[in-house]
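Each chain, letter by letter, is given below.
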Amino acid sequence: MLNTAVRDAVLRILPRVKTPAQYIGGELNSVRKDHRQVRGKLCLCFPDAYTIGMSHHGLQVLYTIMNNDPQWACERSFTPWMDFESELRQNRLPLYGLETFTPLSEFDLLGFSLQYEVCYTNLLTMLDLGGVPHFSRERRVSDPLVVAGGPGAQNPELLAPFVDMFVIGDGEESLPWVMEKWIALKEAAIREGDLTHKRRMEMLAELVGSTTWAYAPAFYEFDYHSDGTIATVNRTRADVPTEIASCTINQDLDDIPLPTKPVVSFVQTPHDRIAIEIMRGCPWQCRFCQSTVIKRPLRVRSVETIVQAALDSYRNSGMNEISLLSLSSSDYPHFEELVKRMHEVFAPLGVNVSLPSLRVNHQLRSVPKLMQGWRRAGLTLAPEVARDDMREQIRKKIKNEDLIEGCREAFKEGMSHVKLYFLCGLPGERHIDLDGIIELAERISAVGKEATGRYKEVTASVSNFIPKPHTPYQWNGMQTREYFRWAGDYLHRQKTNRNVKIKQHDIETSLLEGILTRGDRRVAPGLYEAWRRGARMDGWKECFNPELWWKTFADLGIDVDFYRTRQRPIGEKLPWDHVNVKKGRAYLEKEQERSVIQLRVMADAVATEGDKEGTGCGG
């Protein structure tokens, strides 16, 4: 059922905006259903630009699952770029689902995927343009249920006033369950003629009270100590959970359908390729990594399932590149068999296969030979740090020798460049850790010359470390603006090889992410006010206005350092403690205590070597 009035009005304004094809829908493999023929309708909302959302594998997975059920109509919506937002407002047009141009306010459920905290203002933009009340307390039964999941749901408190319910964990089983339950409750309310806010809250309480992994912030209140720390989290009614668990798929991963008819964008996207998830979870437990915590336990797909899904996706999309996704692809237990099978099937078709997220281990040396005959441009690896003692501290047990020799083999096989991901500002970071980044990058460039006769281009991409919820480092403070600026300058000064490039992530963006990642409900008014003052698309450098944010926080009396840089005692109650993710707080405390002991040993060792800085520049 197409809303022709909205569509026709949108078509009239599209000549005035950039990349209009992202706003018209109708892409290959998109699914348009007649809303009169279904029980309920939902819209998967991605709070970022179309090009980013269409590159997200999870959106394609949930879109496929929900549309495979004939009782639901599932559509997509993305945050419009500022020119299109302006046109929608000037022409009094709503934001809509791409499939039928239905305004967001007319859906039964809106599902937001929270991939990046800096994009939280985009959620507010989408609600506002879609005609949905901004605050949960203002909605009635006739308004959509606003649900959010993804990494950002691990600390749901920043968005507590705006989101009705957070789903913690895997979405493949939870989203269909939520949709079924909510529609049944809504149907009963409509039959009884009660569409009030009070009835909606009763429905929401019944929904979250029927499971262990759904969190409705409206039913919880916080008490605080005089120093601003959290004293207690209290339920406002007894029929909702005291603590929230994580939804984990119980069935075999092979039984979860892959999106073999992916929606093919009209416009080029950053990941313009077929994506196949080969494994969920990671066998390693790096202390800095939130993903390895929230994606546990380790689950794998069979080689044949992966190959067949990739082949079906190729036939249904025509894309000429396939990306095998996981947190650590080379830790897939049948890695060599999979790579060989993919080569047998896809090399004759001229389809390239990429392997992101390769782990640095002894197997890395064999990867370039396994990929003979495929198009190769570069190798991307994430050593995170450059010294063995710091790797022991973060629990990423890799060796520089394996990294260097793996790059040597890659250069021999025709790889043109290497990109390395590092972290800056980790607990206990020292000058020698920063020196190690340069030394390792320049060594790899030199290995390129040894292998091919020419220095190879090496990019060291340096991220500013943010301690994430549900990791052992969650009690650590984030480094300051001054430190990150000094570290970036220091890295550039130490570099001598012009073939080595240092790229540091934008510091102001990292500082904002630190607040939005580690804050509680008292930061939510700052988020809302920044949006009201014009914060839009903050994940994009050309749109981000850091001074707007800092002034907003200052005007509202929000102490950013209280949330961002403060070292928190291990006994302090954290804003996200009532959301239990996999192993729980006891495990994280033990890992943090081990980390502190190791930091002392590292500091003593450096002092013994004559480093006058002692514990070093990281504190």
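Residues numbered from 1 in each chain as written. Predicted model: local features only at pLDDT ≥ 70, side-chain atom pairs only at ≥ 80, totals over all residues. Heavy atoms only, no water.

As for the packing of aromatic side chains
Phase 1: Summed over the entire model, instances satisfying the criterion amount to 19 aromatic pairs.
Phase 2: Judged by centre distance (5.8 Å) and plane angle (40 degrees), the ring pair of Tyr483 and Trp486 falls under tilted. With Tyr483 and Trp486 both in helix H15 (residues 481-494) and three residues apart, the pair spans about one turn of that helix.
Phase 3: On the basis of relative accessible area, Tyr483 is assigned to the buried category, the value being 7%.
Phase 4: You can call Trp486 partly exposed: its relative accessible area is 27%.
Phase 5: Relative to Tyr563, the ring of Phe562 lies with its centre 5.1 Å away and its plane at 90 degrees, an arrangement referred to as edge-to-face. Each member of the pair, Phe562 together with Tyr563, is buried. (Phe/Tyr/Trp six-rings, centres within 6.5 Å; stacked < 30°, edge-to-face > 60°. Helix = DSSP H or I, 4+ residues; strand = E, 2+ residues; numbered from the N terminus. Buried < 20%, exposed > 50% of the residue type's maximum accessible area, 1.4 Å probe, protein only.)

Focus: the confidence of the model for the protein
Low-pLDDT stretches of the model should not have their predicted coordinates read in fine detail.
Phase 1: Scored by pLDDT, the protein comes out at a mean of 91, with 94% of its residues at no less than 70.
Phase 2: Every residue in residues 611-619 is under pLDDT 50, and counting partners more than four places away or in other chains gives 25 contacts. (pLDDT = per-residue confidence, 0-100. Contact = heavy atoms within 4.5 Å.)

Overview of the nonpolar core
It is characteristic of soluble globular proteins that their nonpolar side chains tend to be buried jointly.
Phase 1: Membership of the largest hydrophobic core comes to 162 residues, with the highest contact counts inside it found for Phe112, Leu324 and Ile444.
Phase 2: If near-sequence neighbours (up to four positions away) are discounted, Phe112 is found in contact with Cys45, Pro47, Leu123, Met126, Leu127, Val146, Val147, Ala148 and Gly149. (Core = buried A, V, L, I, M, F, W, Y, C linked by side-chain atoms within 4.5 Å.)

A short note on the pattern of salt bridges
Phase 1: The tally for this structure, following the rule as stated, stands at 54 salt bridges.
Phase 2: Residue Arg585 is joined to Glu589 by a salt bridge in which the shortest nitrogen-to-oxygen separation is 2.8 Å. Here the residue Arg585 and the residue Glu589 both occupy positions in helix H20 (residues 585-608), the gap between them amounting to four residues, near one helical turn.
Phase 3: On the basis of relative accessible area, Arg585 is assigned to the partly exposed category, the value being 21%.
Phase 4: Given a relative accessible area of 24%, Glu589 falls into the partly exposed group.
Phase 5: Between Glu591 and Arg594 there is a salt bridge, with the nearest N and O atoms lying 2.8 Å from each other. With Glu591 and Arg594 both in helix H20, this residue pair falls three residues apart, about one helical turn. (Salt bridge = Lys/Arg side-chain N within 4 Å of Asp/Glu carboxyl O.)

A short note on helix H1 (residues 4-13)
Phase 1: Val6, Ala9, Val10 and Ile13 are the residues of H1 that are buried. The buried residues of H1 occupy an angular sector of 100 degrees when projected down its axis, which confines them to one face.
Phase 2: If you follow the buried residues of H1, they end up packed against helix H4 (82-90). (Arc of directions from axis to C-beta.)

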